[in-house]
Amino acid sequence: MIPRILTLGGHDFSSRPPDRAVSELMLRLATERAGGRPGICLLPTASGDTAEQIGRFYAAFGERPCEPSDLSLFRLGRRPMALRDHLLAQDLIYVGGGSLVNLLAVWEAHELGAILSLAWRQGIVLAGQSAGAMCWFEAGITKSSGRPAEEAGLGLLGGSLCVHYNNEPERRAAYLDAVGDGMPGGYGLDDYAGLIWEGAGPPSAVTARRGARAYKVTSTDNGVVESPLPARFLPAPAPAALREDIAEFRRIKSMRRRAGWLG
Amino acid sequence: METATRQIVAFGGGGFSMESGNPLLDEYVLGLARGERPRVCFLPSASGDADHYVVRFYRAFPAERCEASHVSLFRREQGPADLRSHLLAQDLIYVGGGSVVSLLGVWRAHGIDEILREAWERGVVLCGLSAGSLCWFAEAHSGFHGSSRRVDGLGFLPFSNCVHYERGSDHGLAYHAQLREGMGAGFAVQDGAAVHFVGAELRRAVASRPQARAFWLEPGPSGIAEVELATAYLGEGPQSTEDAAIAA
């Protein structure tokens, strides 16, 4: 299985079309890895394991064809878990947003970096948004201590990442300055833009909202250059309620067919 | 300059987090803090700065009794900009429960470990329950996420610590096993009991429940020696003359 990582500039788990498109992509990547019903685990560490982030994750995946779970490093929860065994049994591990500094510090304390690196090599898809996307790179631009600042990540992916590129001008400016000052170049991701990394090859860009872009950011002799990448548009699947309506319609149609009502 | 008294009160479990309606341990630590209306700062880091926990802290430490604040390390943009000066200005720092491993990881990332040592040396009273107790010791017996493990704490107190202790429970037996395998001697403290240190010396053991106890556990040639400490109940009832003297 080729190691794969999905890095997202920013999204939510709402029922709005771009959010549904992102969730659908995650489900597809996880299902490809599983070959059947995939296990998808949320690591909400960067938020401090907030009930809100966990609740939104289950709202998106609870009714989909997968086994969602979450792993809290702050609360005992209902059942203690063997971190390593649980994570290595997944098909996709999703890391939520929050504080990049705290995320990496807590992972280090629980020795999660090595487990995640192993999961990646085993083809378990790693995914995340915001802090949960920057953590896989050599470096990112965090606002964990208030002002935007450079922070080292796990380094599974070379180069750097800056998230919320369109929405947070001060973060983008700090990133361009840092790359100009010698931080490794990398990528800028708008909210609803993402990069899919497969093996050691260059990433392919995706976008779930028209106008949301992914940029390659490089330091050149003429300064730091941002080049937009061609991106594949991710259509939103039908909302859950509509899926149920369609299923209901099909059930009625087949009943009628069996009853000889339809041709 | 006068040398400040370094004080730590480590709860096995209790206070507003665990004993709704029983403020005895919280009153005890407030009583140790300097001034009529002490400055009290809550550090909920071990819980991931859970909102509901912060709200419960402010309910338990109302404005008429003290000047309460909290520091969230997950929302640095909202709190005091200068953590060091804020924490050093406190009379009491109260650390909440959760995961001691996550707690120490986050603290180190923000330099809180160094600041707390400085605060302690300057006479700011440090206290906490559960993870907020384990953190002050050299070694902590943590039962978080299933397997029991030994965790290096901040080491202000050169002992080991086991919280939520119950004789004969899996958690308690695992602490005995850790001691046999080389963990240093230390304090096992039940829910509702706390150990109060001045410097690195035990000043007294106190309790918010008449039956709650603290123990000193020490590995020896014939197994683990467990000594029950004289534990003073803080509620209504007969008090020893020693208690009266300290309370005065």
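With respect to the packing of helix α4 (residues 100–109) of chain A against helix α4 (residues 100–110) of chain B
Direction vectors running N to C along α4(A) and α4(B) enclose 130°, while the axes themselves pass 8 Å from each other. One element, α4(A), and the other, α4(B), form an angle in the oblique class. Handedness of the crossing formed by α4(A) with α4(B): right-handed. Listed contacts from α4(B) to A:V101, A:N102, A:A105, A:V106 and A:A109 of α4(A) are B:V101, B:S102, B:G105, B:V106, B:A109 and B:H110. Of the residues in the contact of α4(A) with α4(B), the class split is 7 nonpolar, 4 polar and no charged.

A short note on the confidence of the model for chain B
Here chain B averages 92 in pLDDT, while 93% of its residues score no lower than 70. For this predicted complex, the interface score ipTM comes out at 0.87, alongside a pTM of 0.89.

A closer look at the sheet that holds strand β3 (residues 67–70) of chain B
Within a sheet, adjacent strands bond to each other through the backbone by hydrogen bonds, running parallel or antiparallel. All names here are of chain B. Strand order in the open sheet made by the 8 strands is β3-β2-β4-β5-β1-β10-β11-β14, with mixed pairing throughout. The open sheet is flanked by β3 and β14 (231–233), the only strands paired with a single partner. In this sheet, neighbouring strand axes are inclined to one another by 20° on average, regardless of whether the strands run parallel or antiparallel. Inspection of the sheet shows strand β10 (residues 193–198) paired to strand β11 (residues 201–207) by 6 bridges, in the antiparallel sense. Across the sheet, residue F197 finds its bridge partner in β11, namely L202.

A word on the pattern of salt bridges
Per the counting criterion, the structure on display carries 25 salt bridges over all chains. In this structure, B:E226 and B:R167 form a salt bridge, with 2.3 Å as the shortest nitrogen-oxygen distance. Residue B:E226 is located in strand β13 (residues 223–228), and its partner B:R167 is located in the loop between β8 (157–162) and α7 (170–180); the two are separated by 59 residues in the primary sequence. It is possible to trace a salt-bridge network through shared partners that takes in A:R4, A:R28, A:E32 and A:E198.

Overview of the pairing of strand β13 (residues 223–228) of chain A
Bridging between strand β12 (residues 214–220) of chain A and β13(A) involves 6 bridges; their strand directions are antiparallel. Residue pairing across strands places A:Y215 opposite A:P228, the latter belonging to β13(A).

What about the packing of aromatic side chains?
All names here are of chain A. Evaluated as defined, the whole model comprises 33 aromatic pairs over all chains. Measuring from ring centre to ring centre gives 5.8 Å for W107 and W136, while their planes differ by 40°; the resulting arrangement is tilted. Taken as a pair, W107 in helix α4 and W136 in the loop between α6 (131–134) and β6 (137–142) lie far apart in primary sequence, 29 residues in all. Using a relative accessible area of 1% as the deciding quantity, one classes W107 as buried. Exposure remark for W136: the relative accessible area of 0% places this residue in the buried category. Aromatic side chains F137 and W197 sit 5.5 Å apart centroid to centroid with 80° between the ring planes, which places their arrangement in the edge-to-face category.

A word on the state of the cysteines
All names here are of chain B. Overall, the coordinates contain 0 disulfides over all chains when judged by the stated rule. Here C127 stays free of any disulfide, with the sulfur of C135 as its closest cysteine sulfur at 9.9 Å. Accessibility expressed as a relative area gives 0% for C135, which makes it buried.

Description of the environment of B:E64
Residues and elements named next belong to chain B. Note that E64 resides in the loop between α2 (51–60) and β3. Look at E64 and you get exposed, because its relative accessible area is 68%. Placed 22 residues apart in sequence, E64 and F42 show a C-alpha to C-alpha distance of 17 Å.

Some details on the packing of α4(B) against helix α5 (residues 112–121) of chain B
Between two packed helices, both the angle of their axes relative to each other and the distance between the axes serve to describe the pair. All names here are of chain B. At their nearest, the axes of α4 and α5 sit 5 Å apart, and the two run at 85° to each other. The angle between α4 and α5 places the two elements in the roughly perpendicular class. Touching W107, R108 and H110 of α4 are I112, D113 and L116, all from α5. The class makeup of the residues in the contact of α4 with α5 is 3 nonpolar, 1 polar and 2 charged.

How each quantity is defined
Residues numbered from 1 in each chain as written. Chains lettered and ligands numbered in written order. Predicted model: local features only at pLDDT ≥ 70, side-chain atom pairs only at ≥ 80, totals over all residues. Heavy atoms only, no water. Axes fitted to C-alpha atoms, helices over the stretch in contact; angles between N-to-C directions. Helix = DSSP H or I, 4+ residues; strand = E, 2+ residues; numbered from the N terminus. Parallel < 35°, antiparallel > 145°, perpendicular 65-115°, else oblique. Left-handed = near helix turned anticlockwise from the far one by under 90°. Contact = heavy atoms within 4.5 Å. Nonpolar A, V, L, I, M, F, W, Y, C, P; charged D, E, K, R; others polar. pLDDT = per-residue confidence, 0-100. Pairing = 2+ DSSP bridges. Salt bridge = Lys/Arg side-chain N within 4 Å of Asp/Glu carboxyl O. Phe/Tyr/Trp six-rings, centres within 6.5 Å; stacked < 30°, edge-to-face > 60°. Buried < 20%, exposed > 50% of the residue type's maximum accessible area, 1.4 Å probe, protein only. Disulfide = S-S within 2.5 Å.

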